[in-house]
Amino acid sequence: MSSLLIRGYEVVIGLETHVQLSTQSQIFSGASTQFGAEPNTQSCPVDLALPGTLPVMNKGAVERAIAFGLSVGSHIAPRSIFARKNYFYPDLPKGYQISQYEIPVVQGGTVSFFVGDKEHTVRLVRAHLEEDAGKSLHDDFIGFNGEKSSGIDLNRAGTPLIEIVTEPDIRTSTEAAEYARALHTLVVWLGICDGNMQEGSFRCDVNISVRKPGAPLGTRREIKNLNSFKHIVQAADYEINWQIDELEDGRAIQQATVLFNPDTGETRAMRTKEDAHDYRYFPDPDLPPLVISPEWVERVRSEMPELPRVMAARFERDYGLPAYDASLMTQSKAFGAFFEAAAKACKEPKIVANWLMGEVSKRLNSEDRDISNSPVSATLLAALIRRIKDGTISNNAAKTVFDVLWASGVLVGHSLPDRFADQAVADLAEELAEIDKVIDAKGLKQMSDTGELEKILDDILAANAKSVEEFRAGKEKAFNALVGQAMKATKGKANPATVNELLKKKLAG
């Protein structure tokens, strides 16, 4: 935890993240969880709490919760309890929500992430299983009378969630967003959530308070249902400054639930924030305790993929990447696979990582693409890097080649061709031929003929006697000036390393 102060105040932030689990049916019924159906066409008697119905636990939801707990080093409770969380809201058909309170299924754990090149770790309090509520419809909703109205869509009621709660370990809006991003990467990586934030599959509640250093914790306000990393930063920054302004003006902060308006960039109070006792939790009499055997946990563990942190550690160990680079290479399964295929193909993992963090990411972000849809394949990038390393082209020329390859869409949709997916690649003949076509067409090949270069350098030395004298008098800048003249004379095509080597020999003679 950092001691960063904002306007003389310490900011204390904790997140509660609702992660929709990727089951095909609801948590306590067989109704579909498919998104986008007509309102109220997927709700069933169990989810509507009609008389005589009883909930039945979805085994797939439990296994997804176990997988999450294992991925963050949590304790998986061998016996956990479901409770009724009682409150009234129009989109809550039962009048209560089935959740977990005293004994959640996942307890403790940590999530680590980078802000810049500094690693942070946030402790988790718990992750508990629960059902989602329905959805209130207000904007542009037309009622039966043909007029604007409000309505209720209960399709989401009963959708399986895990709610992941952190300790108040976060100190800035950026840390909050990067924690959420790391958590999002993890649940998508595990396959327990599709991660679609626009559809509400991953949404964050951000709890914020401020205090003077050394003072007791301040009164917190909870910003509800943030569904983008950008909104987390915007909402938290506004709320932090609003709370500080209130305290500076002598007003007390009232505990409340607030909403963020992305159009105005402001938060506004929605209702007074409830405490746990307001919900009158009690064990749900219709659901027995959830019992998870050690054998069940181990079976789930055996079916889990290599985790991001494990892959990152392997990239550090096997490819010599710095921790920060390795974390970026594991921002998704597809990104990790792309890096590894390219690194195996060209045997230059650090250069591959630099290209992925630089030119490739810049293009992907500007075009809102995923790495799996990169117009430049992993092996094509590897071939480009080979041509840099063998001196065929310079780094600047390589960027020109990359631009051409990206625009032409070579191997679109085939970032990981089958023949390269699971093996080290020695033969890049097809890709190197593609690179060479662009190099020849653009006239980008470096001049490495030492005989031709020596003639050019002799002319440069003869025409720049003053720079030669200055270099021999100890002025290193004079040498750089001579290199610049050589690159200018060759229109940038000379191999800089060869130019440096030949110039030093001539000047030493």
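The written sequence of each chain sets the order in which its residues are numbered from 1. With the structure being a predicted model, the display of local features is reserved for residues of pLDDT at least 70 and the display and counting of side-chain atom pairs for 80 or more, all residues being used for whole-chain, interface and lining totals. Excluded from the side-chain calculations are hydrogens and water; all other atoms, namely the structure's heavy atoms, are used.

In this section: the overall build of the protein. Under the scheme used here, helices are H or I runs from DSSP no shorter than 4 residues and strands are E runs no shorter than 2 residues, and both carry numbers assigned from the N terminus. The helix and strand tally for the protein stands at 15 helices and 18 strands. Its C-alpha atoms give the protein a radius of gyration of 30 Å, clearly above 23 Å, the size a compact globule of 509 residues would have. Dimensions of the protein, computed from the C-alpha atoms along their principal axes, are close to 95 × 60 × 55 Å. Note on classification: 1.4 Å probe, protein chains only; a residue is buried when its accessible area is under 20% of the maximum for its type, exposed when over 50%, partly exposed between these limits. Taking all 509 residues of the protein together, 50% fall into the buried category. Should any heavy atoms of two residues lie within 4.5 Å, those residues are counted as being in contact. In the protein, once contacts between residues fewer than 6 apart in sequence are set aside, the share between residues at least 24 apart is 71%. Computed with a 1.4 Å probe, the accessible areas rest on the Shrake-Rupley method; for each residue, only the protein chains presented here act as cover. For the protein, the accessible area works out to roughly 24,700 Å², and carbon and sulfur atoms hold 50% of it. One way to put it: in the protein the 58 positive side-chain charges average out to a point 5 Å from where the 70 negative ones average out. Our radius of gyration is a C-alpha quantity, and the globule rule it is checked against amounts to 2.2 Å times the number of residues to the power 0.38. Counted as positive: Lys and Arg. Counted as negative: Asp and Glu, with His and the chain ends omitted from the count. Positions of charges follow a simple convention, taking NZ of Lys, CZ of Arg, CG of Asp or CD of Glu.

It is worth spelling out the environment of Trp355 at this point. Tracing the sequence through the fold places Trp355 in helix H8 (residues 349–366). In this structure Trp355 comes out as buried when scored by relative accessible area, which is 8%. Here the alpha-carbon distance between Trp355 and Leu381, two residues 26 residues apart in the chain, equals 8.5 Å.

Let's shift gears to the pattern of salt bridges. For this analysis, a salt bridge means a side-chain nitrogen from Lys or Arg found within 4 Å of a carboxyl oxygen belonging to Asp or Glu. By the definition in use, this model includes 26 salt bridges. Linking Asp245 and Arg7 is a salt bridge whose minimum nitrogen-to-oxygen distance equals 2.7 Å. Of this pair, Asp245 sits in helix H3 (residues 229–248) while Arg7 is found in the loop between strand E1 (5–6) and strand E2 (9–20), placing the two residues 238 residues apart along the sequence. Note on Arg7: relative accessible area 45%, which makes it partly exposed. In this structure, Arg251 and Asp249 form a salt bridge, with 3.2 Å as the shortest nitrogen-oxygen distance. Classification of Arg251 as partly exposed rests on a relative accessible area of 43%. In this structure Asp249 comes out as exposed when scored by relative accessible area, which is 52%.

Any Phe, Tyr or Trp ring, taking Trp's six-membered ring, that has another such ring centre within 6.5 Å forms a pair; planes under 30 degrees apart are called stacked, those over 60 apart edge-to-face, and the others tilted. Applying the stated criterion across every chain yields a total of eleven aromatic pairs. Aromatic ring contacts, followed pair by pair, group Tyr87, Tyr101, Tyr279 and Tyr281 into a single cluster. As a reminder, the over-ring test applies to NZ of lysine and CZ of arginine, requiring each to be within 6 Å of the ring centre and within 35 degrees of the ring normal. Between the NZ or CZ atom of Lys85 and the centre of the ring of Tyr279, over which it lies, the distance is 4.5 Å. The ring of Trp242 has Arg221 lying over it, and the distance from NZ or CZ to the ring centre is 4.0 Å.

Okay, helix H11 (residues 429–442) next. Expected helix span is taken as 1.5 Å per residue step, with the number of steps being one fewer than the number of residues. Here H11 spans 20 Å end to end across 14 residues, near enough to the 20 Å set by a 1.5 Å rise per residue. In this structure, the buried residues of H11 make contact with helix H9 (378–389) and helix H10 (395–408). After H11 finishes, the residue Gly443 shows a positive phi value of roughly 60°.

As a further point, take the nonpolar core. A general trend in soluble globular proteins is that nonpolar side chains are found buried together. Formed by 67 residues in total, the largest nonpolar core has its most connected members in Phe68, Leu129 and Tyr179. If you tally residues by element for this core, the top one is helix H2 (residues 173–190), at nine residues. Excluding residues that lie within four positions of it along the chain, Phe68 makes contacts with Leu124, Ala127, Ile162, Ile164, Leu183, Leu186, Val187, Leu190 and Ile192. Note on terminology: a nonpolar core comprises buried Ala, Val, Leu, Ile, Met, Phe, Trp, Tyr and Cys residues joined through side-chain atoms within 4.5 Å. Counting residues in hydrophobic clusters, the runner-up holds 45 residues, among them Phe315, Phe338, Ala378 and Leu384.

Taking 1.5 Å per residue, 13 residues should reach 18 Å; helix H1 (residues 59–71) reaches 19 Å between its end C-alpha atoms and fits that length. Of all 13 residues in H1, eleven are buried, a share of seventy percent or more. Here H1 has its buried residues at Gly60, Ala61, Val62, Glu63, Ala65, Ile66, Ala67, Phe68, Gly69, Leu70 and Ser71. Polar contact is the term for a pair of N or O atoms within 3.5 Å; when the atoms are in protein, one must be able to donate a hydrogen and the other to accept it, and sequence-neighboring residues count only if both atoms are side-chain atoms. In this structure Asn58 caps H1, since a side-chain oxygen of it lies 2.9 Å from the backbone nitrogen of Gly60. Residue Gly73 follows H1 closely and has a positive phi angle near 75°.

DSSP calls a pair of strands paired once it identifies at least 2 bridges connecting them. Looking at chain direction, strand E15 (residues 256–261) and strand E16 (residues 266–272) are connected through six bridges and run antiparallel. Of the residues in E16, the one forming a bridge with Val258 is Ala269. The antiparallel hairpin formed by E15 and E16 contains four residues in its connecting segment, where Gly265 sits at a positive phi of about 75°.

Let's shift gears to the sheet that holds strand E5 (residues 83–86). Ordered by their spatial adjacency, three strands build an open sheet running E6-E5-E17, and the pairing between neighbours is antiparallel. Single-partner strands in this sheet number two, and they are strand E6 (96–99) and strand E17 (282–283). Direction of pairing for E5 relative to E6: antiparallel, over a ladder of four bridges. Bridged to Arg84 within E6 is Ile98.

This brings us to the side chain of Gln26. You can see Gln26 is positioned in the loop between E2 and H1. Residues contacting Gln26, with those up to four places away along its chain left out, are Ala31, Ser32, Thr33, Asp47, Asn58, Asn155, Arg156, Ala157, Gly158, Thr159 and Pro160.

A low pLDDT score tells you not to read the predicted coordinates there in detail. In this model, the protein carries an average pLDDT of 90, and 94% of its residues clear a pLDDT of 70 or more. Per-residue confidence from the predictor is given as pLDDT, running between 0 and 100. Residue range residues 411–425 is modelled with pLDDT below 50. Its contacts to residues more than four positions away, or to other chains, number 34 contacts.

Let us now look at the packing of helix H5 (residues 308–319) against helix H7 (residues 333–346). At their nearest, the axes of H5 and H7 sit 12 Å apart, and the two run at 15° to each other. The orientation of H5 with respect to H7, classified from their angle, is roughly parallel. Judged by the sense of rotation from one axis to the other, the crossing of H5 with H7 is left-handed. Facing H5, whose interface residues are Met311, Arg314, Phe315 and Tyr319, H7 presents Gly336, Phe339, Glu340, Ala343 and Lys344. Orientation is described by axes fitted as lines to C-alpha atoms, over the contacting stretch for helices, and by angles from 0 to 180 degrees between their N-to-C directions. Comment on the angle field: the value is read as roughly parallel under 35 degrees, roughly antiparallel over 145, roughly perpendicular from 65 to 115, and oblique elsewhere. Crossing handedness is read from the near helix: turned anticlockwise from the far helix by less than a right angle, it gives a left-handed crossing, and turned clockwise, a right-handed one.

Before going further, it helps to spend a moment on the packing of H7 against H8. Running from N to C, H7 and H8 cross one another at 135°; their axes reach a closest spacing of 10 Å. By the criterion of interaxial angle, the relationship of H7 to H8 is oblique. Where H7 crosses over H8, the two elements pack in a sense that is right-handed. Contact with H7, carried on its side by Phe335, Phe338, Phe339, Ala342, Ala343 and Cys346, involves Pro349, Val352, Ala353, Leu356, Ser361 and Leu364 of H8 and no other residues of that element.

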